[in-house]
Amino acid sequence: MFISGQASTEGNETEEKLVEQTLRLSIRNREEDRDRISELPNGVLLHIMEFMKAEDAVKTCVLSKRWENLWKGLATLKLYSWRSSVPNYNKFLSRRDGYISLLNLDILIRNFSELKLLNNIMDYAVLHNVQHMKAFLYVPYKFHLVFPSIIFSCPSLTLHHLRNSCRGPIWKLPKSLQLPALKSLYLDCVCFTASDDNNCAEPFSSCVLLNSLVLIECSLHEAC
């Protein structure tokens, strides 16, 4: 009887150990299967998404219920176009949370057909108090084109970089840049507009805070 009791006790202990090991393994598996990224605070997730192109940020909405509307709170937008098709930027901007100011706007346009989107994008940027804007326009056609003037009267803009390909359009600028908060300006392949009969331009007279200015292949002539 003693041997049988001892064997029974050892059997119970072995069973308890197996149950304990199984529970530990189950907990460990659940820990490994946890979506730890989705558990991060919204601010951290939005910061990660700021490094994505806008169209990729929107795609995160299918990950889970948590991600469904998260992208709408982005304060940094990267509107990049690398394909032949024209992205539906208007639809994207209309669904973004309009109560959130736009801190950074990066634009890359490679197709002539996308230039018509610039007006809507600039209107949206100014309306949402954009602070930093960088635009690189890689359109391989040489012609004069008026850049949307509304961005040059944006009271919140502190940094503005406008770059162009050497074979692309020459952007016409208004006579005066009404940018009271502007601190950094980078212009590449733009055409200044003369403000008087002497063909002189004073585009920066209203930029009282400007402390960094880079001009590359800019021009001034009567054709502007």
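Residues numbered from 1 in each chain as written. Predicted model: local features only at pLDDT ≥ 70, side-chain atom pairs only at ≥ 80, totals over all residues. Heavy atoms only, no water.

J.: Kindly report on the pairing of strand S7 (residues 184-188), identifying the contributing residues and their values.
T.: Regular strands place side chains that alternate from one sheet face to the opposite one. When you tally the buried positions in S7, you get 5 out of 5 residues, the bulk of the element. Where strand S5 (residues 159-164) and S7 come together, 4 bridges link them in parallel fashion. Counterpart to Leu 162 in the pairing with S7 is Leu 187. The sheet contact formed by S7 and strand S9 (residues 212-216) spans 5 bridges and is parallel. Across the sheet, residue Tyr 186 finds its bridge partner in S9, namely Val 214. (Buried < 20%, exposed > 50% of the residue type's maximum accessible area, 1.4 Å probe, protein only. Helix = DSSP H or I, 4+ residues; strand = E, 2+ residues; numbered from the N terminus. Pairing = 2+ DSSP bridges.)

J.: Hey, could you go over the sheet that holds S7 for me, with residue numbers and the actual values?
T.: A sheet is described by the order of its strands in space; here 6 strands give the open sequence S1-S2-S3-S5-S7-S9, paired in parallel fashion. Edge positions in the sheet fall to strand S1 (76-80) and S9, since each has one partner strand and no second. Pairwise comparison of adjacent strand axes, ignoring direction, gives a mean angle of 5° for this sheet. Two strands pair when backbone bridges link them, and S1 and strand S2 (residues 104-109) are joined in this way by 5 bridges, in the parallel orientation. In the strand pairing of S2, Leu 79 is matched with Ile 107. Helix H5 (residues 118-127) rests against S1, S2 and strand S3 (132-137) of the sheet, and its axis sits at about 175° to S2. (Axes fitted to C-alpha atoms, helices over the stretch in contact; angles between N-to-C directions. Contact = heavy atoms within 4.5 Å.)

J.: Hey, could you go over the pairing of S3 for me, with residue numbers and the actual values?
T.: Burial along S3 is one-sided: Met 133, Ala 135 and Leu 137 are buried, while His 132, Lys 134 and Phe 136, pointing the other way, are not. Where S2 lies against S3, 6 bridges are found, and the strand directions are parallel. When the sheet's bridge partners are listed, Ile 107 is paired in S3 with Ala 135. Summarising the sheet, S3 and S5 pair through 6 bridges and their orientation is parallel. In the sheet register, Leu 137 faces S5, and the bridge partner there is Asn 164.

J.: Mind laying out the packing of aromatic side chains, listing which residues take part and the relevant values?
T.: With the rule as written, the count across this model stands at 4 aromatic pairs. Lying across the ring of Phe 136, Arg 163 places its NZ or CZ 5.4 Å from the centre. (Phe/Tyr/Trp six-rings, centres within 6.5 Å; stacked < 30°, edge-to-face > 60°. Lys NZ or Arg CZ within 6 Å of the ring centre and 35° of its normal.)

J.: So, the nonpolar core: which residues are in play, and what are the values?
T.: It is characteristic of soluble globular proteins that their nonpolar side chains tend to be buried jointly. Residues Leu 105, Ile 121, Met 122, Val 130, Met 133, Phe 147 and Ile 151 are the most contacted members of the largest nonpolar core, which totals 46 residues. Take this core: its biggest share by element is 6 residues, from H5. Setting aside residues up to four positions removed in sequence, Leu 105 forms contacts with Leu 77, Leu 79, Ile 121, Met 122, Ala 125, Val 130, His 132, Met 133 and Lys 134. (Core = buried A, V, L, I, M, F, W, Y, C linked by side-chain atoms within 4.5 Å.)

J.: For H5, give the residues involved together with the corresponding values.
T.: All buried positions along H5 are accounted for by Leu 118, Ile 121, Met 122, Tyr 124, Ala 125 and Val 126. Contacts made by the buried residues of H5 are with S1, helix H4 (89-95), S2, S3 and strand S6 (170-172). Just past H5, the residue Asn 129 takes up positive phi, approximately 55°.

J.: Give a description of the confidence of the model for the chain that names residues and reports values.
T.: Mean pLDDT over the chain stands at 80; residues scoring 70 or higher make up 73%. Within the chain, the lowest mean pLDDT, 56, falls on helix H1 (residues 2-33), and the highest, 94, falls on S7. (pLDDT = per-residue confidence, 0-100.)

J.: If you had to explain the environment of Glu 217 to someone new, which residues and values would you point to?
T.: In this structure, Glu 217 sits in the loop between S9 and strand S10 (219-220). Note on Glu 217: relative accessible area 57%, which makes it exposed. Along the chain, Glu 217 and Asp 188 lie 29 residues apart, while their C-alpha atoms are 6.0 Å from each other. Glu 217 has contacts with Asp 188, Cys 189 and Val 190, leaving out every residue within four places of it along the chain.

J.: So what's going on with a nonpolar patch on the surface? Residues and values would help.
T.: Together, Ile 37, Leu 40, Val 44 and Ile 48 line one region of the surface with nonpolar side chains, adding up to about 310 Å² of accessible area. Looking at where Val 44 falls in the secondary structure, it is placed in helix H2 (residues 42-49). Looking at Val 44, the relative accessible area reads 38%, which means it is partly exposed. (Patch = residues over 30% accessible without salt bridge, like charges linked within 9 Å, V, L, I, M, F, W, Y side chains within 5 Å. Areas by Shrake-Rupley, 256 points an atom, 1.4 Å probe, with all protein chains shown as cover. Salt bridge = Lys/Arg side-chain N within 4 Å of Asp/Glu carboxyl O.)

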